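Listed below are the residues making up each chain.
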Amino acid sequence: KLLQELPEQNDLIALEDKRRTMRLQHYFVGRKLTDVLLSNKEEFGGELDRVIGLEQDLQKTFAVTLDIRFSVKQAKAGLTDGSITLLGYYAQRQRLISLLNTLKTIKILHKTDEKLRELIEKEDFHGAIQLCRDCQHAAVTFRQYTCIQDLNS
């Protein structure tokens, strides 16, 4: 826009006048801006203090956020490790319970073997046959154990 207002000829006098006018306008605008700033110096100072305070609060908040994220990451890792440990303990407990139940069944079968011998000695063959039928399923289930194989023979 400014270039359009310039004369088409290289008229140095017109260019110099335009330059002076623009310098004068620049001076007055700068002066007016300075006056406005100086008249509102206290308000601007207060606003600047408020902005600086906000900036400091944001920096503190950022630092706290970083600390919290780090703590959450550590807690998550600890929780995951703890959960895996608990699952391992639970699996081990379940295996031990299964083993205990198996041992109880084997003990019952062993006592049944003794009871069967007693019934045969007393010549209670009907009771002995009934007892054998009751224990056959358990004997088949646990036939991988040597002691159960011995009972079957």
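Placed above this text is the structure.
Residues numbered from 1 in each chain as written. Predicted model: local features only at pLDDT ≥ 70, side-chain atom pairs only at ≥ 80, totals over all residues. Heavy atoms only, no water.

K.L.:
What is the right way to look at the overall build of the protein in this model?
P.N.:
A count of helical and extended segments in the protein gives five helices and zero strands. The secondary structure elements of the protein, listed N-terminal to C-terminal, are α-α-α-α-α. Long-range contacts, defined as pairs at least 24 residues apart, comprise 39% of the intrachain contacts of the protein with a sequence gap of at least 6. (Helix = DSSP H or I, 4+ residues; strand = E, 2+ residues; numbered from the N terminus. Contact = heavy atoms within 4.5 Å.)

K.L.:
Please clarify how the nonpolar core should be interpreted in this entry.
P.N.:
As a rule of thumb, soluble globular proteins bury nonpolar side chains together. Core analysis: the largest hydrophobic core is formed by seven residues, namely Leu 109, Leu 116, Leu 119, Ala 128, Leu 131, Cys 135 and Ala 138. Within the residue set of this core, elements represented by two or more residues are helix H3 (41–121) and helix H4 (125–141). Tallying contributions element by element places H4 first for this core, with four residues. The contacts of Ala 128, once residues within four sequence positions are left out, are Leu 116, Leu 119 and Ile 120. (Core = buried A, V, L, I, M, F, W, Y, C linked by side-chain atoms within 4.5 Å. Buried < 20%, exposed > 50% of the residue type's maximum accessible area, 1.4 Å probe, protein only.)

K.L.:
Looking at this model, I keep getting lost on the side chain of Thr 102. Mind explaining?
P.N.:
For Thr 102, the position within the fold is in helix H3. At 2.9 Å, the side chain of Thr 102 forms a polar contact with the backbone oxygen of Ser 98. (Polar contact = N/O pair within 3.5 Å; in protein donor to acceptor, adjacent residues only side chain to side chain.)

K.L.:
Looking at this structure, how should I read the side chain of Thr 112?
P.N.:
Mapped onto the elements, Thr 112 comes out in helix H3. Given a relative accessible area of 14%, Thr 112 falls into the buried group. Setting aside anything within four residues of it in sequence, one finds Thr 112 in contact with Leu 131 and Cys 135.

K.L.:
Can you walk me through unusual backbone geometry in this structure?
P.N.:
The backbone of Glu 123 sits at a positive phi, close to 65 degrees, despite the residue not being glycine. Tracing the chain through its elements places Glu 123 in the loop between H3 and H4. For Glu 123, a relative accessible area of 59% translates into the label exposed.

K.L.:
I would appreciate a short explanation of the pattern of salt bridges in the present structure.
P.N.:
One side chain can pair with another of opposite charge once the charged atoms of both are near each other. Scanning the entire structure with this criterion turns up five salt bridges. Glu 16 is paired through a salt bridge with Arg 19; the nearest N and O atoms lie 2.7 Å apart. Taken as a pair, Glu 16 and Arg 19 lie in helix H2 (residues 12–39) at a separation of three residues, close to a single helical turn. Assessed through its relative accessible area of 28%, Glu 16 is described here as partly exposed. (Salt bridge = Lys/Arg side-chain N within 4 Å of Asp/Glu carboxyl O.)

K.L.:
Would you mind showing me how to read the packing of H3 against H4 here?
P.N.:
What describes two packed helices is the angle between their axes and the distance between those same axes. Between H3 and H4, whose axes approach to 9 Å, the crossing angle comes to 160 degrees. Between H3 and H4, the angle is such that the two are roughly antiparallel. For the crossing formed where H3 meets H4, the hand is left-handed. Seen from H3, the contacting residues are Thr 105, Leu 109, Thr 112, Lys 115, Leu 116, Leu 119 and Ile 120; seen from H4, they are Phe 125, Gly 127, Ala 128, Leu 131, Cys 132, Cys 135, Ala 138 and Ala 139. (Axes fitted to C-alpha atoms, helices over the stretch in contact; angles between N-to-C directions. Parallel < 35°, antiparallel > 145°, perpendicular 65-115°, else oblique. Left-handed = near helix turned anticlockwise from the far one by under 90°.)

K.L.:
Just checking my understanding: could you explain the packing of aromatic side chains for this structure?
P.N.:
Working definition: an aromatic ring pair is given by the centre-to-centre distance plus the angle between the planes. One pass over the full model with this rule turns up one aromatic pair. Centroid distance Tyr 27 to Phe 28: 5.5 Å. Interplanar angle 70 degrees. Geometry classified as edge-to-face. (Phe/Tyr/Trp six-rings, centres within 6.5 Å; stacked < 30°, edge-to-face > 60°.)

K.L.:
Any chance you could explain H3 here in plain terms?
P.N.:
Residues spaced three or four apart along an α-helix point in a common direction, a consequence of the helix completing one turn every 3.6 residues. Taking 1.5 Å as the rise per residue, H3 with 81 residues should run 120 Å; its terminal C-alpha atoms sit 118 Å apart, in good agreement. Within H3, burial applies to Thr 102, Ile 106, Leu 109, Thr 112, Asp 113, Leu 116 and Leu 119. Glu 123 sits one or two residues past H3 and shows a positive phi near 65 degrees. (Expected span 1.5 Å × (residues − 1).)

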